[in-house]
Amino acid sequence: MKKNREHWASSFGFIMAAAGSAIGLGTLWQFPYMTSVNGGGLFVLLFLLFTVLIGIPIFIAELLLGRKAQRGAVGIFENLENNSSQWKGVGWLSVLSALLILSYYCVVAGWGLNYVLLSFNQFYVGKTPEEISNVFQILFKSPGITILWQISFLILTGGVVYKGVRDGIEHWSKILTSSLLVILLILLGYSLTLDGFSKAVHYIFYPDLTKLKPSGVLEALGLAFFTLSLGQGVMLTYGSYMGKNENIPKTTCIVASMNIVVSVLAALMIFPIIFTFGSEPVAGFGLVFETLPVLFARLPGALILSTSFFVLLVFTALTSSVALLEVIVANFVDLFSWKRKKAVIVACLAIFIIGIPSALTGSNIIFPNWEIMYGKTFFQTVVDIVSQWILPFIGLFVSIFAGWKVNKKLIQEEFIMGTSWKKLFGIWYFFTKWLAPLAIIAIIMQRAGFIDLDKLFK
Ligand code: PHE
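A quick note: this is a predicted structure, and the numbers were derived from the prediction, not measured.

Chemist: Would you explain the overall build of the protein chain in this entry?
Modeler: Counting secondary structure elements, the protein chain contains 20 helices and zero strands. Taken over C-alpha atoms, the radius of gyration comes to 22 Å for the protein chain, in line with the 23 Å a tight globule of 458 residues would show. Overall size of the protein chain, expressed as C-alpha extent along the three principal axes, is 65 × 50 × 45 Å. In the protein chain, once contacts between residues fewer than 6 apart in sequence are set aside, the share between residues at least 24 apart is 82%. For the protein chain, the computed accessible surface area is about 18,600 Å², with 67% contributed by carbon and sulfur atoms.

Laid out in structure tokens, this is it:
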């Protein structure tokens with residue numbers, strides 16, 4: 001006999017878990033940075049528009065499919081499409097993408113853990129700005145220390161997932177997501193007092209049309225997709241733990257709004273710190289681990305400021321990594337009838353092993369010729385393969401599956417169950433069936449070089 005599937009204890013718990021997954025390193029770093037390079041206000045508006053028009057429909061589709069099938073990502077396609085092996089392949093692809101994302105996510109989050117300890121030890125005292133930012137280069141090139149923190153973060157993630165959906169993921173997401181919101185608000189309050197605040201507001205919200213290239217439009221769409229954790233099996237899996245009385249469209253709107261608000265607040269927190277010292281925003285992790293520590297050291301309350309900031313970083317990463325690990329574990333449990341403990345251990349071992357080359361990117365011990373051959377580091381290669389290719393394809397397949405493959409009656413029944421927003425079905429269905437796939441195909445064509453929007457709209 002099949003065991004009863006665990007379900008979320010409350011809607012609030014689910015919202016915190018889903019929002020925790022959405023609010024991650026991408027929300028904190030990519031959003032502020034991409035907003036600034038793409039000319040501010042208009043990009044924010046586009047991000048908002050795409051979240052509403054494409055993100056929310058696919059988010060709802062993933063939850064509906066998960067709740068209907070009550071299985072992990074592979075089982076969903078198996079159940080709803082008569083065991084078709086092509087569609088099952090999409091489920092496996094999401095397991096693969098979760099594995100690949102976690103392989104580097106744990107390395108970065110591990111660096112974050114390391115910076116919590118460093119900040120607490122006031123590592124910046126008595127150091128010049130160069131020496132402070134150089135600490136990251138030393139860390140980057142230290143295989144042992146990087147692996148130590150990578151494993152520590154993986155153990156934290158595994159520990160939460162091992163405890164199960166309610167006692168592990170839901171319980172910890174409630175604590176971590178609410179704490180991260182509080183820390184963010186406190187840090188934001190601090191940024192408000194800095195001289196650079198008004199410049200930051202201008203920089204983020206004032207639309208500078210000359211900086212927004214047509215291809216930036218697709219970037220806004222890709223970002224909306226990534227920060228909502230779509231196309232990775234996360235919402236498929238989280239949906240499978242939902243009860244029939246949950247209001248899927250409404251909870252989706254709450255989570256999406258939280259994601260938008262937090263993205264904007266994160267930008268409003270980070271930029272004033274940068275502008276107060278006349279620095280310029282830099283891309284990627286240099287900003288987090290090299291620029292910001294130098295600036296924290298020059299501000300009053302550096303110990304608390306820097307430590308809370310990195311705690312915030314670790315919390316956001318943890319609620320996202322937990323969601324990804326659950327995608328893998330749920331499939332192992334459903335398909336191979338493994339115990340949760342075994343599934344967590346096997347998955348964590350696999351993530352660790354696949355993550356080793358990423359952890360050793362800086363020390364160049366494994367694959368020393370990788371960068372020469374492929375033009376980018378091993379780490380960056382994995383990041384690009386997943387975020388530029390695998391995710392959009394899974395998103396495309398999910399929208400095709402929900403809009404074209406699954407019986408319309410079936411999905412309509414699932415949509416109206418538990419919600420009073422029944423009338424929205426028609427609009428949602430239209431967006432999922434037509435708009436979402438076409439928009440994702442446009443992203444894929446641009447990335448593959450079949451179209452070049454910048455040339456097209458010159
Ligand atoms: N949405 C997360 C972010 O914004 C990233 C993420 C991807 C989380 C995939 C879970 C799954 O950083």
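The structure having been displayed, the exposition proceeds.
Chemist: Got a minute to help me understand unusual backbone geometry in this structure?
Modeler: Trans is the prevailing form of peptide bonds, just as negative phi is the prevailing case for residues other than glycine. Its identity is not glycine, yet Gln-122 carries a phi of approximately 50°, on the positive side. Within the element layout of this structure, Gln-122 appears in the loop between α5 (85-120) and α6 (129-140). Residue classification places Gln-122 among the partly exposed positions, given a relative accessible area of 35%. One non-glycine residue, Asn-364, adopts positive backbone phi at about 60°.

Chemist: Before we go on, may I ask you to explain the site of the ligand in this structure?
Modeler: As a structural note, the neighbourhood of the ligand is formed by 14 residues, with Ala-22, Leu-25, Gly-26, Ser-229 and Gln-232 the closest of them. Ser-21 is positioned such that a nitrogen or oxygen atom in its backbone is 3.3 Å from a nitrogen atom of the ligand. One nitrogen or oxygen atom from the main chain of Leu-25 is found 3.0 Å from an oxygen atom belonging to the ligand. A total of 320 Å² of accessible area belongs to the ligand in isolation, and the protein chains cover 100% of it. It is helix α2 (residues 25-37) that provides the largest number of residues to the shell around the ligand, a total of three residues. Class assignment for the residues of the shell around the ligand results in six nonpolar, eight polar and no charged.

Chemist: Explain the nonpolar core to me, please; I cannot follow it from the model alone.
Modeler: Within soluble globular proteins, side chains that are nonpolar tend to cluster in buried spots. Counting residues in hydrophobic clusters, the biggest one holds 169 residues, and the most contacted among them are Trp-29 and Leu-65. Not counting the four nearest positions on each side in its chain, Leu-65 is found in contact with Ile-76, Leu-80, Leu-236, Val-398, Phe-401, Ala-402, Val-406 and Ile-411.

Chemist: I'm lost on the environment of Phe-378 in this one. Help?
Modeler: In this fold, Phe-378 is placed in helix α17 (residues 378-405). Note on Phe-378: relative accessible area 16%, which makes it buried. Setting aside residues no more than four positions away along its own chain, Phe-378 makes contact with Ile-354, Pro-357, Ser-358, Thr-361, Phe-367 and Trp-370.

Chemist: Mind showing me how you'd approach helix α9 (residues 197-205) here?
Modeler: The periodicity of an α-helix, 3.6 residues per turn, causes residues three or four positions apart to be oriented the same way. Within the span of α9, buried status applies to Phe-197, Ala-200 and Ile-204. Buried residues along α9 cover an arc of 55° about the axis, so they all sit on one side. Contacts made by the buried residues of α9 are with α2, α3 (41-69), α8 (165-192) and α12 (248-276).

Chemist: How do you make sense of the packing of aromatic side chains when you look at a structure like this?
Modeler: Aromatic ring pairs are described here by two measures, namely the spacing of the ring centres and the angle between the planes. As enumerated under the stated definition, the model contains 42 aromatic pairs in all. Between Trp-87 and Phe-401, the aromatic rings sit 4.8 Å apart at their centres with planes inclined by 50°, giving tilted as the arrangement. One end of the pair, Trp-87, is in helix α5; the other, Phe-401, is in helix α17, with 314 residues separating them in the sequence. Each of the two residues, Trp-87 as well as Phe-401, counts as buried. Taking 5.7 Å as the distance between ring centres and 55° as the angle between the ring planes, the aromatic pair formed by Tyr-104 and Phe-379 counts as tilted. Of this pair, Tyr-104 sits in helix α5 while Phe-379 sits in helix α17, and the two are 275 residues apart along the sequence. Given a relative accessible area of 8%, Tyr-104 falls into the buried group. Assessed through its relative accessible area of 9%, Phe-379 is described here as buried. Ring-pair connections join several aromatic residues into one group, and the members of that group are Tyr-104, Trp-111, Tyr-115, Phe-123, Tyr-124, Phe-136, Phe-140, Phe-289, Phe-296, Phe-309, Phe-310 and Phe-379. A cation over an aromatic ring shows up here: Lys-433 above the ring of Trp-404, its NZ or CZ 4.1 Å from the ring centre.

Cut-offs and rules
Residues numbered from 1 in each chain as written. Predicted model: local features only at pLDDT ≥ 70, side-chain atom pairs only at ≥ 80, totals over all residues. Heavy atoms only, no water. Helix = DSSP H or I, 4+ residues; strand = E, 2+ residues; numbered from the N terminus. Rg over C-alpha atoms; globule rule 2.2 N^0.38 Å. Contact = heavy atoms within 4.5 Å. Areas by Shrake-Rupley, 256 points an atom, 1.4 Å probe, with all protein chains shown as cover. Buried < 20%, exposed > 50% of the residue type's maximum accessible area, 1.4 Å probe, protein only. Near = heavy atom within 4 Å. Polar contact = N/O pair within 3.5 Å; in protein donor to acceptor, adjacent residues only side chain to side chain. Nonpolar A, V, L, I, M, F, W, Y, C, P; charged D, E, K, R; others polar. Core = buried A, V, L, I, M, F, W, Y, C linked by side-chain atoms within 4.5 Å. Arc of directions from axis to C-beta. Phe/Tyr/Trp six-rings, centres within 6.5 Å; stacked < 30°, edge-to-face > 60°. Lys NZ or Arg CZ within 6 Å of the ring centre and 35° of its normal.

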